2 protein chains.
Amino acid sequence: MKPTLVKGTRDFGPEQMSKRLFIFDTIRATFKRFGFLPLETPSMENLSTLMGKYGDEGDQLLFKILNSGDFAGSLAPEQLAAGSKAMLPKIAEKGLRYDLTVPFARYVVMSRHALTLPFKRYQMQPVWRADRPQKGRYREFYQCDADVVGTDSLLCEAEIVLMVHEVMRNLGIENFALKVNNRKILTGIAEFIDAPGMEGALAVAIDKLDKIGQDKVLDELRERGFSDSSITALLPMFTMQGSTNEVLEKLKNWLTTSETAQRGIAEIEEMLALVGQYGLENPKLELDVTLARGLSYYTGAIFEVKALGVSIGSISGGGRYDNLTSAFGTSERLSGVGISFGVDRIYDVMEELNLFPEGAGQGTQVLVVPFEESGRHVGLPLLASLRGAGIAAELYPDLSKVKKMLDYANAKRIPFVVLIGSEEVQTGQLAVKNMVTGEQQKMSADAIAAFVQAG
Amino acid sequence: MKPTLVKGTRDFGPEQMSKRLFIFDTIRATFKRFGFLPLETPSMENLSTLMGKYGDEGDQLLFKILNSGDFAGSLAPEQLAAGSKAMLPKIAEKGLRYDLTVPFARYVVMSRHALTLPFKRYQMQPVWRADRPQKGRYREFYQCDADVVGTDSLLCEAEIVLMVHEVMRNLGIENFALKVNNRKILTGIAEFIDAPGMEGALAVAIDKLDKIGQDKVLDELRERGFSDSSITALLPMFTMQGSTNEVLEKLKNWLTTSETAQRGIAEIEEMLALVGQYGLENPKLELDVTLARGLSYYTGAIFEVKALGVSIGSISGGGRYDNLTSAFGTSERLSGVGISFGVDRIYDVMEELNLFPEGAGQGTQVLVVPFEESGRHVGLPLLASLRGAGIAAELYPDLSKVKKMLDYANAKRIPFVVLIGSEEVQTGQLAVKNMVTGEQQKMSADAIAAFVQAG
């Protein structure tokens, strides 16, 4: 019986991993340059920490870890017969983390005394969800989050806008849109049309405008319980096209009586003004009044990054929240704003658009190939000196046929091979073969590092 | 109720993480320079993949994941009443990986058609063990493994010796011993003293020589079932002190009739000869005939790295094995040799010896501090240009008291602060404060990047 992978999980072989590491390294370096500091939390959390934080569906999607040892030993027959739901808390106390936000909040609560605010952390770790696996949806995947908590300053929103541009530029994804919205505008519209608290349903319906058209959106709003007068009042919403500045003007003139909406508009304007001060060229910012990701959680800015011209699209999202730690019963209000990059989505986008740089999948740069025992006396010091120069190098460990050794170099996409036969040992002039062009030339061992580094 | 961590797990805050990343980056760069390519496997494996690979105790120490949904729904009352052990396979099909070797073997079996041999991979991921937590023993910890499979060449052993030296040098751990042994010598000794197959017990007892002395070791051997004649024949073993070459000579002359032992001795000699050819200065190799880590698994070379002058000691180990994939019923024999570094142990050693380089824990290099709104017009472009120069920089997001902002810089150990008051805005000469020396000097925004990079 051949072994298999757990459904919804993946191995990442050398080529995929090298590309993934390019993404991780790029995001990490950018986070760091923006002053975010690294945090890692354990894969397992107490179920008491995780349960109730993601809604009923989320609770179901948590992977639970069976207690160690005789987990059922203390259970009475009637407890065993009470069904899975009743038995669960008695046999499983731990679960795998579902996202990075709840563990971050748990960390902040437990370490509050040692933290200086504002606290800027990034975290790049896998998360697990017991979802039904399907194309592009996995049970184990990485999130890369950066958050700053302990300040209301809109400068943090501006920083996130800048950072998104930096990450995309460093990854080589030039064609993207950073959609922004503000929860207060959505809340204000719901108030304004006399449907207070219904901004969630509103956003979901209007989000479909492009796909199903205005009439069907209005039908859906009716089904979702919006009154005719609310729907009539909402009609100006469908004229909110144009540049970000034009839309902001329209919103301002439309939602005159909603203080909440006007505050949301002002927040976006201040954020845009700050972004302008950085000197960011050609910002890819787009105001999208229907954007509502994770609405129940966000209280101010809402962000979504979409790669354009690809099937996948959304690769990052985030926003401003009012109280990171309230779910743990803390009295201190810790407002924050964060952004999360999905490595698996970014990988797929970059593959589809062929954006990985040439060297991203590359490992060994030089393979040293002695034809016989005596060649090792020359090859091993060469190996040491190449590595000393920072060049990834290896020596074919067996004395095999030359063809087999060159096939190995090709399979590993090693660009240079140093061939050492008896003539080379005698003359000290080694044969360096460029595996891409097929060219071969002789040089002394000392000259090889510089030759390879010159490309 | 304040949240807690799962017992035996840890948060790694910014300072610890920065140091841990220094270790990860150093090991990864060294692995890469030696031609090892990255692999990552899922955290979860089928229990059918994991069970039976680590002995009965290992099976118990596996974290098992409860099946999703109504896990007990299909169980009959008598199945529920049959106890934990009988119930386990019906309610849990997955477990968390226990080490990186079994998932690597599983990967090789599943990907065999796509792999070119010899296959060199490294893997740096957490593993989980449901052990009783105690000082220095955790339930989640990282392993960093490098293995080459598909060749018997002793050059691979020599490469591992080189690589251990490189990793230690790059980490700054100068004071260490790389103990080596060969399983064949142990097997040969057991044969030679007429206690065939008892090399495990032999090694365990002799390993205590330093602690309990020769007489007590002999007592223990008697208790473990060694005959008086075996013990008499073993006595030369206690004279195996001296340099590696001296010990090799003594072994050769003692174990004359054991072909197995002579082969082990010859393998060590060939490995040492190859190591010599690299030009490695001052190798820290020590032959230790009692070294027997993971004996049941290793078939040739055995390695252990000990940091000297610290309480912890063992930070790495590995060896040659005969058949990576046989546990999965494969017929192809894949011999390999590998080394595993324990990041948590290395961290403790480096902390104890104060070996982390100055910059290893460092995050933000420059904090920009505007005293008022207008300072941001100068501060934000400065921030963008510092980051463009690769300098980690941030701007204090709120307009606070100067003391509070400087306290923030000190808490985050930010070495440079740029102060921007109204005078600075007018003159364009910004005040740059070195937070270590307390010195402060004025310069234009353009000059700051070079000033900071100069230290």
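Residues numbered from 1 in each chain as written. Chains lettered and ligands numbered in written order. Predicted model: local features only at pLDDT ≥ 70, side-chain atom pairs only at ≥ 80, totals over all residues. Heavy atoms only, no water.

Q: Describe the packing of aromatic side chains, listing the residues and the values that go with them.
A: A full pass over the atoms with the stated rule returns 28 aromatic pairs over all chains. Seen from their ring centres, Tyr297 of chain A and Tyr321 of chain A are 5.2 Å apart, and the 25° between their planes marks the pair as stacked. Taken together, the residues Tyr297 of chain A in the loop between β8 (285-287) and β9 (298-307) and Tyr321 of chain A in strand β10 (residues 314-321) connect sequence positions 24 residues apart. The interplanar angle of 40° and the centroid separation of 4.2 Å between the aromatic rings of Tyr54 of chain B and Tyr98 of chain B together place this pair among those described as tilted. Of this pair, Tyr54 of chain B sits in the loop between α2 (47-50) and α3 (55-61) while Tyr98 of chain B sits in the loop between β4 (92-96) and α6 (101-111); the two residues are 44 residues apart in sequence, bridging distant segments of the chain. Comparing Tyr54 of chain B with Tyr98 of chain B, the two get one shared label, buried. What links up through ring pairs into an aromatic cluster is the set Phe31, Phe36, Tyr122 and Phe341 of chain A. Seen from the ring of Phe12 of chain A, Arg20 of chain A lies directly overhead, with NZ or CZ sitting 3.6 Å from the centre. One residue, Lys120 of chain A, lies across the ring of Phe36 of chain A, its end atom 4.8 Å from the ring centre. (Phe/Tyr/Trp six-rings, centres within 6.5 Å; stacked < 30°, edge-to-face > 60°. Helix = DSSP H or I, 4+ residues; strand = E, 2+ residues; numbered from the N terminus. Buried < 20%, exposed > 50% of the residue type's maximum accessible area, 1.4 Å probe, protein only. Lys NZ or Arg CZ within 6 Å of the ring centre and 35° of its normal.)

Q: Now, about the sheet that holds strand β12 (residues 366-370) of chain A: what can you tell me, with residues and values included?
A: Residue and element names in this part refer to chain A. Pairing is mixed in the open sheet, where five strands are placed in the order β13-β12-β14-β15-β16. Among the strands making up the open sheet, the edge pair consists of β13 (393-395) and β16 (440-444). Strand-to-strand twist of the sheet, defined as the mean angle between neighbouring strand axes without regard to direction, takes the value 25°. Sheet topology places strand β14 (residues 416-420) next to strand β15 (residues 429-434); four bridges connect them, and they run antiparallel. Bridge pairing links Leu419 to Ala431 in β15. Taken strand by strand, helix α18 (residues 445-453) contacts β12, β14, β15 and β16, and its axis lies near 125° from that of β16. (Pairing = 2+ DSSP bridges. Axes fitted to C-alpha atoms, helices over the stretch in contact; angles between N-to-C directions. Contact = heavy atoms within 4.5 Å.)

Q: Describe the pattern of salt bridges, naming the residues involved and giving the relevant values.
A: Residues and elements named next belong to chain A. Tallying each qualifying case throughout the model produces 64 salt bridges over all chains. Lys208 is paired through a salt bridge with Glu220; the nearest N and O atoms lie 3.1 Å apart. One end of the pair, Lys208, is in the loop between α9 (199-206) and α10 (209-223); the other, Glu220, is in helix α10, and 12 residues separate them in sequence. According to the relative accessible area criterion, Lys208 is partly exposed, its value standing at 30%. (Salt bridge = Lys/Arg side-chain N within 4 Å of Asp/Glu carboxyl O.)

Q: Got a sec to walk through the side chain of Glu166 of chain A? Specific residues and values, please.
A: Residue and element names in this part refer to chain A. For Glu166, the location among the structural elements is in helix α7 (residues 155-171). Given a relative accessible area of 15%, Glu166 falls into the buried group. Ignoring any residue separated from it by four or fewer positions in sequence, one finds Glu166 in contact with Thr30, Arg33 and Phe34.

Q: Break down the pairing of β10 of chain A for me, with residues and values.
A: Residue and element names in this part refer to chain A. A large share of β10 lies buried, amounting to eight of its eight residues. Bridge count between β9 and β10: six bridges; the pairing is antiparallel. By the bridge assignment, Lys306 is partnered in β10 with Ser314. Taken together, β9 and the strand that follows it, β10, pair antiparallel across an intervening segment of six residues, in which Gly309 is found at a positive phi of about 80°. For β10 and strand β11 (residues 336-342), the ladder comprises six bridges, and the chain directions are antiparallel. When the sheet's bridge partners are listed, Tyr321 is paired in β11 with Gly336.

Q: Would you mind going over unusual backbone geometry in detail, with residue names and values included?
A: Residues and elements named next belong to chain A. A cis amide bond, omega -10°, links Leu117 with the succeeding residue Pro118. Here Pro118 is to be found in the loop between α6 (101-111) and β5 (119-128). One non-glycine residue, Asn354, adopts positive backbone phi at about 60°. Mapped onto the elements, Asn354 comes out in the loop between α14 (343-352) and β12. For Asn354, a relative accessible area of 65% corresponds to the exposed category. In this structure, Arg413 takes a positive phi of about 55° despite not being glycine. Relative to the helices and strands, Arg413 is located in the loop between α16 (402-411) and β14. Classification of Arg413 by relative accessible area gives exposed; the value is 55%.

Q: Run through the relation of the copies chain B and chain A, naming residues and quoting values.
A: Expressed as a screw transformation, the operator carrying chain B onto chain A has a rotation angle of 180° and an axial translation of 0.0 Å, and the superposed copies differ by an RMSD of 0.1 Å. Here the transformation between the copies is reduced to the relation of a two-fold axis. Closest to the rotation axis within chain B is the C-alpha of Ile65 of chain B, separated from it by 2.2 Å. Interface overlap between copies: 100% of the residues of chain B at the interface are likewise at the interface in chain A, consistent with a symmetric, same-surface contact. (Least-squares fit on C-alpha atoms with pLDDT ≥ 70 in both.)

Q: Tell me about the interface of chain B and chain A, residues and numbers included.
A: Each partner contributes to the interface: chain B provides 94 residues, whereas chain A provides 94 residues. In this structure, the connection of chain B to chain A is made through six salt bridges. For Arg106 of chain B, the salt bridge goes to Asp11 of chain A, with nearest N and O atoms at 2.6 Å. Summed over the shared surface of chain B and chain A, the number is 32 residue pairs in polar contact (both at pLDDT 80 or more). Taken together, the residues of the side of chain B that touches chain A break down into 52 nonpolar, 22 polar and 20 charged. (Polar contact = N/O pair within 3.5 Å; in protein donor to acceptor, adjacent residues only side chain to side chain. Nonpolar A, V, L, I, M, F, W, Y, C, P; charged D, E, K, R; others polar.)

Q: Tell me about the sheet that holds strand β16 (residues 440-444) of chain B, and please be specific about residues and values.
A: Residue and element names in this part refer to chain B. Reading across from one edge, β13-β12-β14-β15-β16 is the order of the five strands in this open sheet, with mixed pairing throughout. Each edge of the sheet is formed by a strand with only one pairing partner; in this case those strands are β13 (393-395) and β16. Averaged over all neighbouring strand pairs, the angle between strand axes comes to 25°, with direction disregarded. As judged from the five bridges shared by strand β15 (residues 429-434) and β16, these two strands associate in the antiparallel manner. Opposite Val432, over in β16, you have Gln441 as the bridge partner. Each of β12 (366-370), β13, β14 (416-420) and β15 is contacted by helix α15 (residues 373-388), which is oriented at about 165° to β13, the strand it contacts most.

Q: Which residues make up the domain arrangement of chain A, and what values do they have?
A: Residues and elements named next belong to chain A. Split into domains, chain A comes out as domain 1 (14-41 + 98-352), domain 2 (44-96) and domain 3 (363-454). Using only C-alpha atoms to locate each centre, domain 1 and domain 2 end up separated by 32 Å. The interface of domain 1 with domain 2 comprises 13 residues on the first partner and 10 residues on the second. Taken together, both faces of the contact between domain 1 and domain 2 bury some 1,200 Å²; the carbon and sulfur share is 71%. As a salt-bridge pair, Arg106 and Glu45 come within 2.8 Å of each other at their nearest N and O atoms. One can count four residue pairs in polar contact (both at pLDDT 80 or more) joining domain 1 with domain 2. Among the elements that take part in the side of domain 1 that touches domain 2, α6 stands out by supplying three residues, more than any other. The residue makeup of the side of domain 1 that touches domain 2, split by class, is seven nonpolar, one polar and five charged. (Domains from an automatic or database assignment. Buried area = accessible area lost by both parts, 1.4 Å probe.)

Q: Just give me the short version of the environment of Ser331 of chain B, but keep the residues and values in it.
A: Topologically, Ser331 of chain B is positioned in the loop between β10 (314-321) and β11 (336-342). Expressed as a C-alpha distance, the spacing of Ser331 of chain B and Asp288 of chain B, which sit 43 residues apart in the sequence, is 34 Å.

Q: Describe in detail the environment of Leu47 of chain B, supporting the description with residues and values.
A: All names here are of chain B. Secondary-structure assignment places Leu47 in helix α2. Sequence-wise, Leu47 and Asp59 are 12 residues apart; in three dimensions their C-alpha atoms are separated by 9.3 Å. Among residues more than four places away in sequence, those in contact with Leu47 are Leu62, Lys64, Ala92, Glu93, Lys94 and Gly95.

Q: Which residues make up the state of the cysteines, and what values do they have?
A: In this structure the tally under the stated criterion is zero disulfides over all chains. No disulfide involves Cys144 of chain B; its nearest neighbouring cysteine sulfur is the one of Cys144 of chain A, lying 19 Å away. (Disulfide = S-S within 2.5 Å.)

Q: Could you give an account of helix α1 (residues 14-33) of chain A, naming the residues involved and the relevant values?
A: In this model, α1 of chain A (20 residues) spans 28 Å end to end at C-alpha, consistent with the 28 Å of a helix rising 1.5 Å per residue. In the segment just after α1 of chain A, Gly35 of chain A is the residue with positive phi, at about 85°. (Expected span 1.5 Å × (residues − 1).)

Q: Talk me through the confidence of the model for chain A; I want residue IDs and the actual numbers.
A: On average, chain A scores 93 in pLDDT, and the residues at 70 or more come to 99%. If you check the scores for this complex, the pTM reads 0.94 and the ipTM reads 0.93. (pLDDT = per-residue confidence, 0-100.)

Q: Go over the packing of helix α8 (residues 183-192) of chain B against helix α13 (residues 259-277) of chain B, please, and point to the residues and values.
A: Residue and element names in this part refer to chain B. Running from amino to carboxyl end, α8 crosses α13 at an angle of 155°, the nearest separation of the two axes being 7 Å. Compared by their axis directions, α8 and α13 come out roughly antiparallel. Viewed along their axes, α8 and α13 form a crossing whose handedness is left-handed. Contacts from Lys184, Ile185, Thr187, Gly188 and Glu191 of α8 reach α13 at Thr260, Ala261, Arg263, Gly264, Ile265, Glu267 and Ile268. (Parallel < 35°, antiparallel > 145°, perpendicular 65-115°, else oblique. Left-handed = near helix turned anticlockwise from the far one by under 90°.)

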